[in-house]
Every structure is written in C-alpha cells, then in structure tokens.
Amino acid sequence: MAVADAPSVTPPTPDTCDHPAPVTGILAHEFAHYEGAVGPEGLRRTVTYYGPIVGGLPIRAWHCEQCGLLRLTYPDGRTEERRLFPGPQPGLLAEASPIAPERVHYGMQARVSGITAQPAFIDQLTGGESIVRPLQFPTITLPAWDAITWLTVLGMAAVLIGLLLAGLFATLSYSTPSLELPLVLTIVFIFVGVLLLRLIVLAIRYFAPAEKLSPSVAETMRGTPQLDGATRTVVFLLVLCVTGLFASAVLATYTYSTPGAELPVILISFSCAIIAVVIKIIDVTVRHFSGR
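Predicted model, so just to flag it, every value in this text is computed and none were measured.

Draft legend 1. Seen up close, the side chain of S248. The residue S248 is located in helix α6 (residues 229-253) in this model. Aside from chain neighbours lying at most four places away, what touches S248 is E262, V265 and I266.

Okay, here's the thing in structure tokens:
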C-alpha cells in the first residue's frame, strides 16, 4: 500500500544541476505538428523536428536526463535551450550517421528528400572521404624474379598439380586408368628437368661467375667537395653563433637570477651571425661582377 503523504523528490533546476551524464547526439524525435500536441516538455507549439539527416538538416542536441535541460545547435549557428521533463527521453536523440540503415533496409526511407545535410557535416561523419566508394578490383603485384626462378616456380607448381591429378585418377575408380602412367612419367620428367636446370645454373655461377661491373663515370670522375675561404668563414661564424645562443640559453635558465655573462654572450653570438651575413653578401657581389 502506497503512502499518500510520502514526499516526492523534486528534480534539480538547470541552474543548480551539475549535469553528471548528459546525452549528446542529433535531434531525431519527430513531434506531432498539430495544434496542442503534447511533447516531452509538455504542450507543444506547432513545430516539427525531423530526423538527423533524412528529410532535414541535422540539429545537434545536448540533453541532461537529471534536470531535463535540452540545448539545440542549428546548422546556421543559432542555439536554443529548452527544459523537458526530467528522465530519459527515448528516441529524442540519435547518433550522427550519414544514412539511416534501419529505414533503408526495411523500405521506410523518407521520400521527401535524400541526404540533405551540409557537405562539411557529411565530411565530418565520414572522416573526409566520399560516402560512395568506387569499385576497386584487387591488384596483384608479381615478385621481381629472374627467368630461372620463374621457370623453377612454374615447374614445381606443375608437379604439384600433376600429383593432385594423379592421386584423383588413382582413387576415382576401382581400376587404375590408362592415363595414370603417362601422367606420372610427365611429372617425373618435369621434376627432373627443374632439378637439372637448378644444378646447371648453380654450376655456371660457381665455375664461371659474372664479372663485377666497373664503377660508373659519375663515381670515377667525381671530385672531392671544396669550400672557398669565404664559405669556410661563414660556416665557422654561424657555428659560433649557434654555440653562443645555446650557451646563453643555459646561462639564462640554470639559476634563479640572470648572470652578468648573459649579455656579452648574446651580443657576441648575434655579431657573429651579422658578420657572416655581411661576408656572404660581399662574396656573392664580388662573384657576380667578376664573372666567376
């Protein structure tokens, strides 16, 4: 027997609720669009929300089942907040998907429109890839073998197929067919031929190996790299600049106060870099006007 005077639990308001486990997705509930319709939040206006993709643009939704707060984000950037009845609202939200398989598979696809979501939203659902995937046939990449290896592989494959056929012919009937002997002899000849081919190739490679190729002209005529005096000086100054900047970073961070050597090290580093740039510009200018 229920107690009539038992106090009812008052749900928290959206301002006091901490929203422990909100439900997110796309607004998918279709409200009746007649005057005075009753929806999850009470008496409805004459407005109908359609599914996430099929039949209308997607409306992102955030719903707290504890206080009933519903936040809507429209495709054009508008936002709206409503308060529904506290508790779960089955069918209110749906997971974002470019298609509705439960409708496509059972012939309930909406006819008012096709996929009407924005292209950016479809790209977000599919990871930037097109929904319609082209038909792709499997590609076979042959290994880069020489002629001897291909002959060996084909010969051994023929031996295996011949042994399979010989076993079938030998067990297919009560008597051995006349085709069995020629087939077995052919298999033996192929196997012996492959074996002799490998032995001959092995003997040729052992007793008469191929001569080692001579180096190319690019290797024989290649000279050692040489740097002129200006380039050597520029490289040396830039190395000093990088070393000085690294030392200044160490000096600036290894203690709580900046040491007095910080400023001279930075000035010397930047001076080396500026001198290197000036030397390189003068060297390039001299080379340009001297025609070297």
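Draft legend 2. Broad picture of α6. The terminal C-alpha atoms of α6 lie 37 Å apart, and with 25 residues this matches the ideal 36 Å at 1.5 Å per residue to within 8%. Along α6, the residues that are buried comprise A230, T231, V234, L237, C241, G244 and S248. Taken together, the buried residues of α6 touch α7 (262-290).

Draft legend 3. Molecular detail of unusual backbone geometry. A positive phi angle, near 55°, is found at H19, a position not held by glycine. For H19, the position within the fold is in the segment before β1 (23-27).

Draft legend 4. Broad picture of the sheet that holds strand β4 (residues 60-63). An order of β6-β5-β4-β1-β7 is seen for the five strands of this open sheet, with the pairing classed as antiparallel. Only two strands of the sheet have a single neighbouring strand rather than two, namely β6 (79-83) and β7 (93-94).

Draft legend 5. How the structure looks around the pattern of salt bridges. All told, the structure shown has five salt bridges when counted by the stated rule. Its salt-bridge partner being E80, residue R82 comes within 2.8 Å of it at the nearest N-O pair. For R82, a relative accessible area of 15% puts it in the buried group. A salt bridge links D228 to R287; the nearest nitrogen and oxygen atoms lie 2.1 Å apart. On the criterion of sequence distance, the pair formed by D228 in the loop between α5 (217-220) and α6 and R287 in helix α7 is long-range, its members being 59 residues apart. Looking at D228, the relative accessible area reads 24%, which means it is partly exposed. Using a relative accessible area of 31% as the deciding quantity, one classes R287 as partly exposed.

Draft legend 6. Region of the structure containing the packing of helix α3 (residues 147-172) against helix α4 (residues 180-207). The interhelical angle for the contact between α3 and α4, taken along N-to-C directions, is 160°, at an axis separation of 9 Å. The angle between α3 and α4 falls in the class roughly antiparallel. When the axes of α3 and α4 are compared, the crossing they make is left-handed. Among the residues forming the contact of α3 with α4, the class breakdown is 18 nonpolar, four polar and two charged.

Draft legend 7. How the structure looks around the packing of aromatic side chains. This structure, assessed with the given rule, holds two aromatic pairs. On the numbers, 5.1 Å between centres and 55° between planes, the contact of W145 with W150 is tilted. Judged by relative accessible area, which is 41%, W145 ranks as partly exposed. Taken together, a centroid distance of 5.0 Å and an interplanar angle of 90° make the contact between Y206 and F207 edge-to-face. F207 shares its class with Y206; the two are exposed. For R71, the ring lying beneath its charged end belongs to W62, and the centroid distance is 4.3 Å.

Thresholds applied
- Residues numbered from 1 in each chain as written.
- Predicted model: local features only at pLDDT ≥ 70, side-chain atom pairs only at ≥ 80, totals over all residues.
- Heavy atoms only, no water.
- Helix = DSSP H or I, 4+ residues; strand = E, 2+ residues; numbered from the N terminus.
- Contact = heavy atoms within 4.5 Å.
- Expected span 1.5 Å × (residues − 1).
- Buried < 20%, exposed > 50% of the residue type's maximum accessible area, 1.4 Å probe, protein only.
- Pairing = 2+ DSSP bridges.
- Salt bridge = Lys/Arg side-chain N within 4 Å of Asp/Glu carboxyl O.
- Axes fitted to C-alpha atoms, helices over the stretch in contact; angles between N-to-C directions.
- Parallel < 35°, antiparallel > 145°, perpendicular 65-115°, else oblique.
- Left-handed = near helix turned anticlockwise from the far one by under 90°.
- Nonpolar A, V, L, I, M, F, W, Y, C, P; charged D, E, K, R; others polar.
- Phe/Tyr/Trp six-rings, centres within 6.5 Å; stacked < 30°, edge-to-face > 60°.
- Lys NZ or Arg CZ within 6 Å of the ring centre and 35° of its normal.

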